[in-house]
Amino acid sequence: MELQRNKVCGIDVHKRFLIATILCRDGKKDTQRFSVTLEDLLKFRDWVIENGCEQVAIESTGIYWHPVHSVLEGKIDLIVANSYKIKHTPGRKTDVSDSEWIAELCLNGMIEPSRIFPKDDRELRRLTRAREGYVKQMTQEKNKIHHGVNPSEWTKS
């Protein structure tokens, strides 16, 4: 079992905002909403650090967790949690209760972190995936030419 923390933060992240709840072992809660602009994300980071959070947990919701991860990386212990593993619990219907639930799981060491590659490796993976996509697209276009597909039909496939 993971080490239990005394003060943590749980984040429910969305496209344009995030809801963060700081939860203490004694039951005290503080919930705030932040936009995902760089200015607000920096305010969020400062809020978490000023409150003495030992760890922050965030769901890996699409790509929305990336900016939060970027501002917290190297500043505080951060867990990116598999959203499937923490979302499938009944009774949580609001963003606030989601962030509280994530904080509670984090407080009790019940979140298995997702694998996040080091910064250099993430960039290499992004470039490699982009290249693979371009090569696939180029091959599809070549195959259309070789198979005698009428150019007016190229955009249909």
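Values in this document were obtained by computation on a predicted structure and should not be read as measured data.

Student: Can you help me understand the sheet that holds strand E2 (residues 17-24) in this one?
Tutor: Whether parallel or antiparallel, the strands of a sheet pair through hydrogen bonds between backbone atoms. Judged by pairing direction, the sheet is mixed, and its five strands sit side by side in the order E3-E2-E1-E4-E5 without closing on themselves. On the outer flanks of this sheet lie strand E3 (29-35) and strand E5 (77-81), each paired with one strand and no other. This sheet shows a mean twist of 20° between the axes of neighbouring strands, independent of strand direction. As judged from the seven bridges shared by E2 and E3, these two strands associate in the antiparallel manner. Following the sheet pairing, Ile22 is matched in E3 by Asp30. Together, strand E1 (7-13), E2, E3 and strand E4 (55-59) form the strand contacts of helix H1 (residues 38-50), whose direction differs from that of E3 by roughly 160°.

Student: Where do I start with the pattern of salt bridges in this structure?
Tutor: If the charged atoms of two oppositely charged side chains come close together, the side chains can form a pair. Tallied over the full model, the rule gives six salt bridges. Among the ionic pairs, Lys43 bridges to Glu39, the shortest N-O distance being 3.6 Å. One end of the pair, Lys43, and the other, Glu39, are both in helix H1, four residues apart, so they sit about a helical turn from each other. With relative accessibility at 45%, the residue Lys43 sits in the partly exposed group. Take Glu39: its relative accessible area is 54%, and that puts it in the exposed class. Arg45 serves as the salt-bridge partner of Asp46, at 3.8 Å between the closest nitrogen and oxygen.

Student: Before we go on, may I ask you to explain the layout of surface pockets in this structure?
Tutor: One water molecule sets the probe size; rolling that probe over the atoms shows where empty space is left. In this structure, the largest pocket occupies an estimated 490 Å³ of space. Sorting the residues of the lining of the largest pocket by element identifies helix H2 (65-72) and helix H5 (119-146) as the ones contributing at least two each. It is H5 that contributes the most residues to the lining of the largest pocket, seven residues altogether. A class-by-class count of the residues in the lining of the largest pocket yields five nonpolar, five polar and seven charged.

Student: How should the environment of Arg45 be read in this particular structure?
Tutor: Its place among the elements puts Arg45 in helix H1. Setting aside anything within four residues of it in sequence, one finds Arg45 in contact with Val71, Leu72 and Lys75.

Student: Explain H1 to me, please; I cannot follow it from the model alone.
Tutor: With 13 residues, H1 ought to run about 18 Å at 1.5 Å a step, and its terminal C-alpha atoms sit 18 Å apart, in line with that. All of the buried residues in H1 are Asp40, Leu41, Phe44, Arg45, Trp47 and Val48. Angularly, the buried residues of H1 cover 160° about the axis, an arc narrow enough to put them on a single face. Opposite the packed face of H1, turned more than 90 degrees from it, sit the exposed residues Leu38, Glu39 and Glu50. In the core, the buried residues of H1 are packed alongside E1, E2, E3, E4 and H2. Just downstream of H1 lies Gly52, where phi reads positive at about 70°.

Student: Mind showing me how you'd approach the packing of H1 against H2 here?
Tutor: Relative placement of two packed helices is described by the angle separating their axes and the distance separating the axes. Packing of H1 against H2 leaves a shortest axis separation of 10 Å and a crossing angle of 55°. Accordingly, the angle class assigned to the pair H1 and H2 is oblique. Seen along the crossing, H1 lies across H2 with a hand that is right-handed. Here Leu38, Leu41, Leu42, Phe44 and Arg45 of H1 come into contact with H2, specifically with Pro67, Val68, Val71 and Leu72. A per-class count over the contact of H1 with H2 returns eight nonpolar, no polar and one charged.

Cut-offs applied
Residues numbered from 1 in each chain as written. Predicted model: local features only at pLDDT ≥ 70, side-chain atom pairs only at ≥ 80, totals over all residues. Heavy atoms only, no water. Pairing = 2+ DSSP bridges. Helix = DSSP H or I, 4+ residues; strand = E, 2+ residues; numbered from the N terminus. Axes fitted to C-alpha atoms, helices over the stretch in contact; angles between N-to-C directions. Contact = heavy atoms within 4.5 Å. Salt bridge = Lys/Arg side-chain N within 4 Å of Asp/Glu carboxyl O. Buried < 20%, exposed > 50% of the residue type's maximum accessible area, 1.4 Å probe, protein only. 1 Å grid on protein atoms, 1.4 Å probe; cavity = no way out; pocket = protein on both sides within 12 Å on 5 of 7 lines; lining within 4 Å. Points joined across faces, edges and corners; volume = space filled by probe spheres on them. Nonpolar A, V, L, I, M, F, W, Y, C, P; charged D, E, K, R; others polar. Expected span 1.5 Å × (residues − 1). Arc of directions from axis to C-beta. Parallel < 35°, antiparallel > 145°, perpendicular 65-115°, else oblique. Left-handed = near helix turned anticlockwise from the far one by under 90°.

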